[in-house]
Amino acid sequence: MVLSKYRKYLPPALVLSALVLAFAAVVFFNPPARAQKLKQLPPPPPAPRFKPKPTPTPAPTPEPEYEVIRVSSNLVVVPVSVTDPQGQPVLGLKQTDFHIEEGGRAQEISQLGDPEQVPLDIALLIDVSSSVTERFAFEEQAATRFLKQVLRPTDHATVYAIDRTPRLEQARATANIATARLMSIKAATGPSPTAFYDTVIEAARYLAQNTPDQNRRVIVVISDGEDNFSNRVRDSSLAAYRAMQADDNDTSPAAKTRMRTASENALQQGHRKAQAEVQQEVQKANAVFYSINPSGEALKLNVISTRAQDAMQQLAGATGGTAFVPERISDLEGVFSRILNELRAQYLLQYYSNDKSGGNAFRRIAITIPAQTQLRVRAREGYYPKAK
């Protein structure tokens, strides 16, 4: 009875069940075919890659505009030697002991420098003319010992031979190199002209152009100072010869006197011009000039020798140096020792000139020690301001 009740519903249910079973069989019992179909599908496109946007660089901040200030100052450094009445160097003075004037106006000393801290440049000039042949070897050896003693590792020397023309034997070098070259120089073996003035001028210009401004510059000359072949001397000799020829036809005593006078005047004018030029060049180089005349007392035997020594004395005094005339050649060592002691005991006065007038004219200075007037103060007479 119950079966009869549900019989009318069986056919549709059976059909539905059959369909479900058929679908399940396709899904679960045919995996390889499905997998094959999946493998044949094209690969998925790559994921898009986005480039990061660059971080914007900020515009550079403009630098602040500063006003350019150019300080125009005139620092003057003056090496000063101070000796007692016996000629011995005086040590231990202070900045307040010195008084300095420029053009008659007092200057304020800003600093008292230590010479041991300032490099030294020495130009050594040795006369090789025939007049010094006999004593040349001793002079050479004494000068060599002097350079080795005075020059430190930071110092330099330049060597010139005073000959018919200026002869640079050794450019700026250390003590060992300079002395080795100095010992190789030979004196003239026969009569030879001497260009003393031209050699000193060239040495001064060499120091000015090839050594630092802050260095101490020194020129040491071993010579009698006699000159007969420098440019100005040759010019004056030619002028003297022409003066002698002017009254050649007049043989009267008065004419001969006039010719001799004109000749002598022309020659002396040439020497004076040459000496003035030498002094100017040494002062422009801010160099201290020392001379050693090995002639001794013999220099008093003739006018030419005396005049030459006077010229060297004038040059030394104008630049703060000394002109030595040792009595005997054996005294040469002692002279070099005095120069050595002076250079080591120098005071370096430094001040800023209060002269605002400008120009490159020579400016005179005067240095004193008011509280100790018995002391001798040696310094250059002045300086040439550098062009601005």
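Counting of residues starts from 1 at the beginning of each chain's written sequence and follows it residue by residue. Totals for whole chains, interfaces and linings use all residues, but because this is a predicted model, local features are given only for residues with pLDDT of at least 70 and pairs of side-chain atoms are given and counted only at 80 or more. Where side-chain values are given, they derive from all heavy atoms of the structure, hydrogens and water being excluded.

1. Let's talk about the overall build of the protein
(1) Moving on: Helices and strands together make up the secondary structure of the protein, namely ten helices and 14 strands.
(2) Moving on: Only protein chains enter the accessibility calculation, which uses a 1.4 Å probe. A residue is then buried if its area is under 20% of the maximum for its type, exposed if over 50%, and partly exposed in between. Taken across its 388 residues, the protein has 40% of its residues classed as buried.
(3) Moving on: Contacts between residues were defined by any pair of non-hydrogen atoms, one from each residue, lying within 4.5 Å. Considering only intrachain contacts with a sequence separation of at least 6, the fraction spanning at least 24 residues in the protein is 78%.
(4) Moving on: Surface accessibility follows the Shrake-Rupley procedure with a 1.4 Å probe radius. Residue values consider only the protein chains on display as shielding. For the protein, the accessible area works out to roughly 23,300 Å², and carbon and sulfur atoms hold 56% of it. A run of DSSP states H or I qualifies as a helix once it reaches four residues; a run of E qualifies as a strand once it reaches two. Both are numbered from the N-terminal end.

2. Observations concerning the sheet that holds strand β2 (residues 99-102)
(1) Moving on: A strand pair is defined by DSSP finding two or more bridges across the two strands. Taken in spatial order, the four strands of this open sheet run β3-β2-β12-β14, and their pairing is antiparallel. Edge positions in the sheet fall to β3 (105-107) and β14 (382-383), since each has one partner strand and no second.

3. Quick notes on the sheet that holds strand β4 (residues 109-113)
(1) Moving on: Across the sheet, four strands lie side by side as β4-β11-β1-β13; this open sheet has antiparallel pairing. Both edges of this open sheet fall to β4 and β13 (376-378), since each of them pairs with a single strand only. When strand polarity is set aside, the average angle formed by the axes of neighbouring strands in this sheet is 30°.
(2) Moving on: One ladder, built from four bridges, connects β4 with strand β11 (residues 347-352); its direction is antiparallel. Bridged to Ile 109 within β11 is Tyr 351. Angles here are taken between N-to-C directions and fall from 0 to 180 degrees, while the axes themselves are lines fitted to C-alpha atoms, restricted in helices to the stretch in contact.

4. Concerning the side chain of Asn 293
(1) Moving on: Here Asn 293 shows up in the loop between β9 (287-292) and α9 (303-319).
(2) Moving on: Asn 293 gets classed as buried once you look at its relative accessible area, which sits at 1%.
(3) Moving on: Within the structure, Asn 293 has its side chain in polar contact with the side chain of Gln 309 (distance 2.9 Å). Whenever a nitrogen or oxygen atom comes within 3.5 Å of another N or O atom, the pair is scored as a polar contact, on the condition that within protein one atom can donate a hydrogen and the other can accept it, and that pairs from neighbouring residues in sequence are kept only if both atoms are in side chains.

5. Brief notes about the nonpolar core
(1) Moving on: Ranked by internal contacts, the top residues of the largest apolar core, which has 34 residues, are Ile 122, Phe 146, Val 220 and Phe 336.
(2) Moving on: Where this core is concerned, the elements lending two or more residues are β5 (120-127), α4 (136-150), β6 (156-162), α5 (175-182), β8 (216-222), β9 and α10 (332-345).
(3) Moving on: Each residue touching Ile 122, except ones within four places of it in the same chain, is listed here: Phe 146, Leu 147, Val 150, Leu 151, His 156, Ala 157, Thr 158, Val 218, Val 220 and Leu 343. Definition used in this section: a nonpolar core is a set of buried Ala, Val, Leu, Ile, Met, Phe, Trp, Tyr and Cys residues joined via side-chain atoms within 4.5 Å.

6. Brief notes about the pattern of salt bridges
(1) Moving on: Basic side-chain nitrogens of Lys or Arg form a salt bridge, by our definition, when they fall within 4 Å of a carboxyl oxygen of Asp or Glu. In the structure shown here, the tally under the stated rule is 21 salt bridges.
(2) Moving on: With a shortest N-O distance of 2.8 Å, Arg 172 and Asp 121 are connected by a salt bridge. Of this pair, Arg 172 sits in strand β7 (residues 166-173) while Asp 121 sits in strand β5, placing them 51 residues apart in sequence.
(3) Moving on: A relative accessible area of 28% places Arg 172 in the partly exposed class.
(4) Moving on: Overall, Asp 121 belongs to the buried group, its relative accessible area being 0%.
(5) Moving on: In this structure, the salt-bridge partner of Glu 342 is Arg 378, at a minimum N-O distance of 2.4 Å. Residue Glu 342 is found in helix α10, and its partner Arg 378 is found in strand β13; the two are separated by 36 residues along the sequence.
(6) Moving on: Using a relative accessible area of 8% as the deciding quantity, one classes Arg 378 as buried.
(7) Moving on: Among the charged side chains, a salt-bridge network with shared partners connects Glu 102, Arg 105, Asp 355 and Arg 363.

7. Overview of the packing of α4 against α5
When two helices pack together, you describe them by how their axes are tilted relative to each other and by the distance separating the axes.
(1) Moving on: At their nearest, the axes of α4 and α5 sit 9 Å apart, and the two run at 180° to each other. On the basis of their axis angle, the class for α4 and α5 is roughly antiparallel. For the pair α4 and α5, the contacting residues are Glu 140, Ala 143, Thr 144, Leu 147 and Lys 148 in the first and Ala 175, Thr 179 and Leu 182 in the second.
(2) Moving on: Three classes are used: nonpolar for Ala, Val, Leu, Ile, Met, Phe, Trp, Tyr, Cys and Pro, charged for Asp, Glu, Lys and Arg, and polar for all others, with Gly counted as polar. In the contact of α4 with α5, the residues fall into four nonpolar, two polar and two charged. Angles are sorted into four bins: roughly parallel if under 35 degrees, roughly antiparallel if over 145, roughly perpendicular if 65 to 115, and oblique for all others.

8. A short note on the confidence of the model for the protein
(1) Moving on: Across the protein, the average pLDDT comes to 83, with 79% of residues at or above 70.
(2) Moving on: Values of pLDDT, which run from 0 to 100, indicate the predictor's confidence residue by residue. Contacts from residues 1-41, a stretch scored under 50 in pLDDT, to residues over four places away or in other chains number two contacts.
(3) Moving on: pLDDT under 50 marks residues 61-72. Its contacts with residues more than four places away, or in other chains, come to one contact.

9. A word on α5
(1) Moving on: Within the span of α5, buried status applies to Ala 175, Ala 178, Thr 179 and Leu 182. Projection of α5 onto a plane perpendicular to its axis shows the buried side chains occupying an angular sector of 95°, all on one side. Opposite the buried face of α5, by more than 90 degrees, sit the exposed residues Asn 176 and Ala 180.
(2) Moving on: Looking at the buried side of α5, the elements it contacts are β5, α4, β6 and β7. By definition, the arc is the one covered by directions from the helix axis to the C-beta atoms.

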